[in-house]
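# Observations on the three-dimensional arrangement
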Amino acid sequence: MKEFNVILYYIYAPIENLVEYRDVHHQFCLDNNLLGRIIVAPEGLNGTVSGEKADCEAYMQWIEADGRFTGVEFKIESHEGHAFKKLYVRIKKEIVHSELGVNPNVRTGKHLEPDEFKAMMHDEDVVLVDMRSNYEHAVGKFKGAVTFDMGNLRDLPDHVQEIDHLRDKKIITYCTGGIKCEKASAYLLEQGFENVYQLHGGIIKYGLEAGGEDFDGKCYVFDGRLTTDVNSINPEVISECHVCQTKSDRMVNCANPICNQHVPICEKCGWELEGACSPACKEHPKKRPYNGTGYYQKTLEGYKPEIAARTRKNTKKLHIVEDLGLKD
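What this report covers is the structure whose coordinates are included nearby. (Residues numbered from 1 in each chain as written. Predicted model: local features only at pLDDT ≥ 70, side-chain atom pairs only at ≥ 80, totals over all residues. Heavy atoms only, no water.)

## A look at the overall build of the protein chain
Each helix and strand in the protein chain was counted, giving ten helices and 15 strands. Computed over its C-alpha atoms, the radius of gyration of the protein chain comes to 20 Å, within 12% of the 20 Å expected for a compact globule of 328 residues. The principal-axis extents of the C-alpha atoms in the protein chain amount to approximately 55 × 50 × 40 Å. In the protein chain, buried positions account for 53% of the 328 residues. The long-range share in the protein chain, meaning contacts at least 24 apart out of those at least 6 apart in sequence, stands at 68%. Of the roughly 15,600 Å² that the protein chain leaves accessible, carbon and sulfur atoms contribute 48%. Across the protein chain, 41 positive and 51 negative side-chain charges occur, with their mean positions spaced 6 Å apart. (Helix = DSSP H or I, 4+ residues; strand = E, 2+ residues; numbered from the N terminus. Rg over C-alpha atoms; globule rule 2.2 N^0.38 Å. Buried < 20%, exposed > 50% of the residue type's maximum accessible area, 1.4 Å probe, protein only. Contact = heavy atoms within 4.5 Å. Areas by Shrake-Rupley, 256 points an atom, 1.4 Å probe, with all protein chains shown as cover. Lys, Arg positive; Asp, Glu negative; His and termini not counted. Charge placed at Lys NZ, Arg CZ, Asp CG, Glu CD.)

As structure tokens, this is what we get:
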């Protein structure tokens, strides 16, 4: 059996000539048999990539060799195969969609390494604040953490008042890999919070380096795994099946593509409802065939990574950069 890895990374670093770099980046992934999602933006890179161990190592060395990305950190997990079916290397305005108008390179919350976070997290004057979406923290979160019922980081301004009474506390923000907290903690500082920290490398790094103690449930991830184990010390299932309310951390996308909500559904209910989250969704005429995973990759019919690369290269470059208000 070949050994595969899933690697997660981000770095805030200015990138010019976005279209040219996107093409070069896509081609490198093609040449090294890598799949995944990579965002290229004026402010930096954000990627989750899967491939054979040697190919992932080559990719990490290639990024590290680029002087613009000095200091990039990779979270590396083992996997039985590719965690993706396709390769996307896309240009966007931000590497994490926030619309918060902050620059983490100018000011952001103090980084805490996993061991520092573990030492501080239960102090009386510390409050953990989850900066992920509601469906993410529904399946796993740190004990006692504050969570927001938000669908996207851009909704954070609508929820800041919920922690207004905690301004005298030390606020430690956390997310999956650390990228959201760079902007979320910067935004809290902008809003007048003074003692703001962030878990460097996020939940994934904490699990890899500190055992994940006191993270209940599983960590939602944006690939074919849907969730990954974090806590090897005192794991506990906290989520309930959306249908029967039994304990379950088995995350599913509803088989009805019109619904498509992310919810925990136990295996029994998953098969009974054919991957749907309700009887109504089960009967929907567009319901997708259920294969027992609850993960629905967009159709692969006619898809080839090299064709996707050529299609991108044929895109009108001026149109892309004009949309971003940039020069190529």
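## With respect to the packing of aromatic side chains
If you walk through the whole model with that rule in mind, you get 16 aromatic pairs. When the centroid spacing of 4.7 Å and the interplanar angle of 90 degrees are considered together, the rings of Phe142 and Tyr174 count as edge-to-face. Of this pair, Phe142 sits in strand β8 (residues 140–142) while Tyr174 sits in strand β9 (residues 170–174), placing them 32 residues apart in sequence. Tyr174 shares its class with Phe142; the two are buried. An aromatic cluster is defined as three or more aromatic residues linked by ring pairs; in this entry it consists of Tyr9, Tyr21, Phe28, Tyr59, Trp62, Phe69 and Phe74. Positioned over the ring face of Tyr21 is Arg68, at 4.9 Å from the centre of the ring. (Phe/Tyr/Trp six-rings, centres within 6.5 Å; stacked < 30°, edge-to-face > 60°. Lys NZ or Arg CZ within 6 Å of the ring centre and 35° of its normal.)

## Topic: the sheet that holds strand β2 (residues 35–41)
Through backbone hydrogen bonds, the strands of a sheet pair up, either in parallel or in antiparallel fashion. What the five strands build is an open sheet, ordered β4-β1-β3-β2-β5; its pairing is mixed. Two strands in the sheet have a free side with no partner beyond their single neighbour: β4 (73–79) and β5 (87–91). Neighbouring strand axes in the sheet, compared pairwise and without regard to direction, differ in orientation by 10 degrees on average. Pairing analysis gives seven bridges linking β2 to strand β3 (residues 44–52), with the strands arranged antiparallel. Bridge assignment links Ile38 to a residue of β3, and that residue is Gly47. Helix α5 (residues 179–190) contacts β1 (4–12) and β3 of the sheet and is inclined by roughly 25 degrees relative to β1. (Pairing = 2+ DSSP bridges. Axes fitted to C-alpha atoms, helices over the stretch in contact; angles between N-to-C directions.)

## Notes on the state of the cysteines
The full count for this structure, using the stated rule, is zero disulfides. Of all cysteine sulfurs, the one in Cys56 lies closest to Cys29, which takes part in no disulfide; the gap is 9.7 Å. Residue Cys241 stays outside any disulfide, its sulfur separated by 3.7 Å from that of Cys244, the closest cysteine. (Disulfide = S-S within 2.5 Å.)

## Quick notes on α5
With twelve residues, α5 extends 18 Å from end C-alpha to end C-alpha; this agrees with the ideal 16 Å at 1.5 Å per step. Three or more residues of α5 are buried, namely Ile179, Lys180, Cys181, Glu182, Lys183, Ala184, Ser185, Ala186, Tyr187, Leu188 and Leu189. Here the buried face of α5 lies against β1, β3, β6 (110–112), α4 (134–137), β9 and β10 (196–199). In the stretch just after α5, Gly192 is the one whose phi turns positive, near 100 degrees. (Expected span 1.5 Å × (residues − 1).)

## Examining the side chain of His200
One can find His200 in the loop between β10 and α6 (202–210). Those residues in contact with His200, other than ones at most four positions away along the chain, are Glu73, His111, Leu112, Glu113, Pro114 and Lys205.

## Structural notes on the nonpolar core
Burial of nonpolar side chains together is a common tendency in soluble globular proteins. The biggest cluster of nonpolar side chains holds 30 residues, and the ones touching the most others in it are Tyr9, Ile38, Leu45, Tyr59 and Phe69. Listing elements by their share of this core, those giving two or more residues are β1, α1 (18–31), β2, β3, α2 (53–64) and β5. Considering each element in turn, this core owes the most residues, six residues, to α1. Not counting residues within four places of it along the chain, the set of residues in contact with Tyr59 comprises Ile7, Tyr9, His25, Phe28, Cys29, Leu34, Ile38 and Val49. With 22 residues, the next largest nonpolar core counts Leu100, Val127, Cys181 and Tyr187 among its residues. (Core = buried A, V, L, I, M, F, W, Y, C linked by side-chain atoms within 4.5 Å.)

Shape is all these values report; function is a separate question.
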